[in-house]
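# Coordinate analysis (summary)
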Amino acid sequence: MHTLDLVAPTTQELVASGLQLPVMEAFYTIQGEGRFTGNPAYFIRLGGCDVGCVWCDVKESWEAAKWPVLSIEKIVEDALAFPGRLVVITGGEPLMYNLDPLTKLLKEKGFTTNIETSGAHPFSGDFDWVCFSPKKFKKPHPSIYAEADELKVVIYNKSDFNFAEDHAKLVNPTCELRLQPEWSKAAKFTPEIVEYVKNHPTWKISLQTHKFMDIP
Ligand code: SF4
């Protein structure tokens, strides 16, 4: 006679299926950049990133193993403690994970779901708004181009204008196009971005207004 061995899935398996995720931090604040600037939003910052931007301002997010792994039920329960119903999933690079289960649960609870991603991994999740911010340091996965509602290119040096145009050719025609000065280079590049947008009016400017307000 055989006994049926029921083996509980490991944390690694639960993370692989998107039922548990490493969360670096989660906080309720005001969205400071992009299309939803000014809206109260609950940010879920997932740990782990393999993109390696030299100017990254959340380098501590890179190593996923440093952060606690939470069930998606716990992540959503924590979000429900605040009155706003806009959630922004960011990182790190959130598309390193299968975001289907988390976004399904968030939507069941009435949240509007946004993501901020470099697009460096296959797309997953059910999102109302996809902010795609490609990085030179790791090529985007082709699945992101059809999903992007907003293309946000960080301008850190002059060649980033061409990089922005190259990606603008690949996204949907309805995708909103934004150029954002990298914070440490804002004094140098903001005047150039202003001139660029005036001369290339399909683009808009995105500023990191939360940094001016000194909020997370
Ligand atoms: S993709 Fe984002 S988290 Fe990853 S290195 Fe670049 S800026 Fe940092």
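Here the structure is shown first, and the text comes after it.
Below you will find a few notes about this structure. (Residues numbered from 1 in each chain as written. Predicted model: local features only at pLDDT ≥ 70, side-chain atom pairs only at ≥ 80, totals over all residues. Heavy atoms only, no water.)

### Focus: the site of the ligand
Using the following cut-off: Near residues are defined by distance, with any heavy atom within 4 Å of the molecule or strand qualifying the residue. Each residue receives one of three labels: charged for Asp, Glu, Lys and Arg, nonpolar for Ala, Val, Leu, Ile, Met, Phe, Trp, Tyr, Cys and Pro, and polar for the others, Gly being one of them.
Within the structure, the ligand sits among Cys49, Val51, Gly52, Cys53, Trp55, Cys56, Val58, Trp62 and Gly92. Taken together, the residues of the shell around the ligand sort by class into seven nonpolar, two polar and no charged.

### Re the pairing of strand β1 (residues 20-30)
Going by this rule: Strands qualify as paired when DSSP identifies two bridges or more between them. Helix and strand labels come from DSSP, where a helix needs a run of H or I of at least four residues and a strand needs a run of E of at least two; each type is numbered from the N terminus.
Direction of pairing for β1 relative to strand β3 (residues 69-71): antiparallel, over a ladder of three bridges. Opposite Gln20, over in β3, you have Ser71 as the bridge partner. Sheet topology places β1 next to strand β2 (residues 40-46); seven bridges connect them, and they run antiparallel. Among the inter-strand pairings, Tyr28 is bridged to a residue of β2, identified as Tyr42.

### Notes on the sheet that holds strand β5 (residues 112-117)
Cut-off, in case you're wondering: With axes taken as lines fitted to C-alpha atoms, and helix axes fitted only over the stretch in contact, angles between N-to-C directions fall between 0 and 180 degrees.
Sheet architecture is open: nine strands sit in the order β3-β1-β2-β4-β5-β6-β7-β8-β9, paired in mixed fashion. Among the strands making up the open sheet, the edge pair consists of β3 and β9 (203-205). Mean inter-strand twist for the sheet, computed between neighbouring axes without regard to direction, equals 30°. The pairing of β2 with strand β4 (residues 86-90) spans four bridges and is parallel. In the strand pairing of β4, Ile44 is matched with Ile89.

### Observations regarding the pairing of strand β7 (residues 150-155)
Regular strands place side chains that alternate from one sheet face to the opposite one. Heads up, the condition is: With a 1.4 Å probe rolled over the protein chains alone, any residue whose accessible area is under 20% of its type maximum counts as buried; one over 50% counts as exposed, and the rest are partly exposed. With its strands directed away from the observer, a crossover is right-handed exactly when the path from the first strand over the helix to the second travels clockwise.
Burial of β7 is extensive: six of the six residues sit out of reach of the surface. Strand direction decides the pairing type here: β7 and strand β8 (residues 176-181), joined by six bridges, are parallel. Bridged to Leu151 within β8 is Leu177. What joins β7 to β8 is helix α4 (residues 160-168), and the crossover it makes is right-handed.

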